[in-house]
Amino acid sequence: MIYVTVGTMFLDFPRLIGAMDAIAANTGERVVVQIGLGKTFPEHCEHFGFKAREEVLTLEREARVIVCHAGIGSVLDALHVRRPFIVVPRRKRFNEHMNDHQMDLAQAVERRGWGLAVYNIEDLPTACATPKPFPARYQPGKETLVAAVRGFVEQVAGGNAGRRGRPNKEGTA
Amino acid sequence: MRAGRREDQRAAGVDAASVRLKIALVCSHGGHLTEMLELEGAFEGHDTFYFCYDADTTRRLPRAYLVPNMARNPLEFAKNLVRLGRIFRKERPDLMVSTGAEIALPAALVAKLFRVPMLYIECGAQVAHASFTGRIMYRLAERFLVQWPELLDVYGPRAEFRGSLIDEAASASGQRSSETTPVNAP
């Protein structure tokens, strides 16, 4: 099964949904598409608007490969379930996003070797047929970040939330 | 106009380690919300409420103030300032945390007015370019974290890389190109 997600963006992503519909028709593989607020409905894929995150993660765990837009939520979910994934960045010139910032994350996924990035939609069938295995070494720095945030929360609780290197109004920084 | 729940508790003799804060969590409804939910462990033992756009994903949150997603409408921005003023007066948050996006801006202005300290965590989608919201929050927030070491030099010396929801733990040795000491040193 291929799980496809376009995120919560209000702009449609027909380029991706159309390509996945063709892949479903040509290969016969089961394709499940989260279409969000989009108005493009695939004919050969199962589809839905939104599901709770846990249900999404369950689908993603079952997927042979995940195909998603290069939004942070979708990429985090794909990394979380540790399945092979392909990112297709939304582009401004196709009116898929307000700007081209999704290119940054797509390139980062590729640069770090976590998954494939498809910039030309004609490359998607090959990418789906031969995805990159998920790297076993991948380990996000989440605990470090949570600890850093926790540290700041504790600083505030202790009455010491001034800017670094500058004493706050109670002079305890 | 200080929010001040924590001052009340201190005055009542509660020690710093057990002060229970009220934390305002501000984010939009997509990936920014996913990131905030991932950070929830950092707020354990404190009270939180969300300020978000109204969407399928945010309606599932237990304690949330939801506003229409009309970010580019100046009237809606002004309305959000009034709404936030009311919310801050009622909730009296001690701290505001935001993972973006532009919904952080009206909240940051109100937080400044109420003298509520802010922590901004730049979205993991910003890898190599500063976001519009990030550039403003860099100036307003007490602490400013980025999730990719590549972004440190883009923002400037006040930006910190202290782990990431997305980038690998191995990158936690990430350094500014201009520095020799790791910025994540405890």
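Residues numbered from 1 in each chain as written. Chains lettered and ligands numbered in written order. Predicted model: local features only at pLDDT ≥ 70, side-chain atom pairs only at ≥ 80, totals over all residues.

**Overview of the overall build of chain A**
Condition: The helix count covers DSSP runs of H or I at least four residues long, the strand count covers runs of E at least two residues long, and both are numbered beginning at the N terminus. Based on C-alpha atoms, the radius of gyration is set beside the globule rule, defined as 2.2 Å times the residue count to the power 0.38.
When helices and strands are tallied, chain A shows six helices and six strands. In chain A, the order of α-helices and β-strands from amino to carboxyl end is β-α-β-β-α-β-α-β-α-β-α-α. Taken over C-alpha atoms, the radius of gyration comes to 20 Å for chain A, far larger than the 16 Å a tight globule of 173 residues would show. In terms of overall dimensions, chain A has a C-alpha envelope of 70 × 35 × 30 Å along the principal axes.

**A few points about the overall build of chain B**
Basically, it comes down to this: Here a residue counts as buried when 20 or more other C-beta atoms sit within 10 Å of its C-beta, as exposed when there are 12 or fewer, and as partly exposed otherwise, the C-beta atoms being derived from the backbone. Any two residues are considered in contact once their C-beta atoms, placed from the backbone, lie within 7 Å.
Along the backbone of chain B there are six helices and seven strands. Helices and strands in chain B line up, N terminus first, as α-β-α-β-β-α-β-α-β-α-β-α-β. The buried share among the 186 residues of chain B stands at 44%. A separation threshold of at least 6 residues defines the contact pool for chain B, and within that pool the share at least 24 residues apart is 51%.

**Observations concerning the sheet that holds strand β3 (residues 46–48) of chain A**
Residues and elements named next belong to chain A. Under the convention used in this document: If DSSP finds at least two bridges between two strands, the strands pair.
With parallel pairing, six strands are arranged side by side in an open sheet as β3-β2-β1-β4-β5-β6. Each edge of the open sheet carries a strand with a single partner, namely β3 and β6 (116–117). In terms of strand pairing, strand β2 (residues 31–34) meets β3 through three bridges, oriented parallel. Residue pairing across strands places Val 32 opposite Glu 46, the latter belonging to β3.

**What about the domain arrangement of chain A?**
For clarity, the cut-off: An automatic or database domain assignment supplies the residue ranges for each domain.
Taken as a whole, chain A is organised into domain 1 (2–129) and domain 2 (141–173). If you average the C-alpha positions of domain 1 of chain A and of domain 2 of chain A, the two centres end up 38 Å apart.

**Considering the confidence of the model for chain A**
Interpreting fine coordinate detail is not advised for predicted regions of low pLDDT. Condition: Per residue, pLDDT captures the predictor's confidence, and it can take any value from 0 to 100.
Overall, the prediction assigns chain A a mean pLDDT of 92, with 93% of residues at 70 or greater. Taken as a whole, residues 164–173 of chain A scores under 50 in pLDDT and shows 12 contacts with residues more than four places along the chain or in a different chain.

**Let's talk about helix α4 (residues 104–113) of chain B**
Residue and element names in this part refer to chain B. Here α4 lies mainly inside the structure; seven of its 10 residues are buried. For α4, every residue scored as buried is listed here: Ala 104, Leu 105, Pro 106, Ala 107, Ala 108, Val 110 and Ala 111. Turning to α4, the residues buried within the fold contact β1 (22–27), β2 (47–53), α3 (74–91), β4 (95–100), β5 (118–121) and α5 (132–140). Looking one or two places after α4, you find Arg 115, whose phi comes out positive at around 55°.

**Focus: the pairing of β2 of chain B**
All names here are of chain B. Selection rule: If you view a crossover with the strands going away from you and the path from the first strand over the helix to the second runs clockwise, you call it right-handed.
Both β1 and β2 contribute to a ladder of five bridges, which runs parallel. When the bridges of β2 are listed, Ala 24 appears paired with Phe 49. Each parallel crossover has a hand, and for β1 linked through helix α2 (residues 31–38) to β2 it is right-handed. Examined bridge by bridge, β2 and strand β3 (residues 64–67) share four bridges and lie parallel to one another. Looking across to β3, one finds that Tyr 50 is bridged to Ala 64.

**Structural notes on the packing of helix α3 (residues 72–81) of chain A against α2 of chain B**
Describing two packed helices takes the angle between their axes plus the distance from one axis to the other. The criterion, for reference: Axes, fitted as lines to C-alpha atoms, cover a helix only where it is in contact. Angles between the N-to-C directions of the axes lie from 0 to 180 degrees. Relative orientations are named as follows: roughly parallel for angles under 35 degrees, roughly antiparallel for angles over 145 degrees, roughly perpendicular for angles from 65 to 115 degrees, and oblique for any other angle. Three classes are used, and their members are as follows: Ala, Val, Leu, Ile, Met, Phe, Trp, Tyr, Cys and Pro are nonpolar, Asp, Glu, Lys and Arg are charged, and the others, Gly among them, are polar.
Two elements in contact, α3 of chain A and α2 of chain B, have axes separated by 7 Å at closest approach and are oriented at 45°. Considered as vectors, α3 of chain A and α2 of chain B are oriented oblique to each other. Across the interface between the two elements, Ile 72, Gly 73 and Leu 76 of chain A from α3 of chain A touch Gly 31, Thr 34 and Glu 35 of chain B from α2 of chain B. Looking at the contact of α3 of chain A with α2 of chain B, its residues break down into two nonpolar, three polar and one charged.

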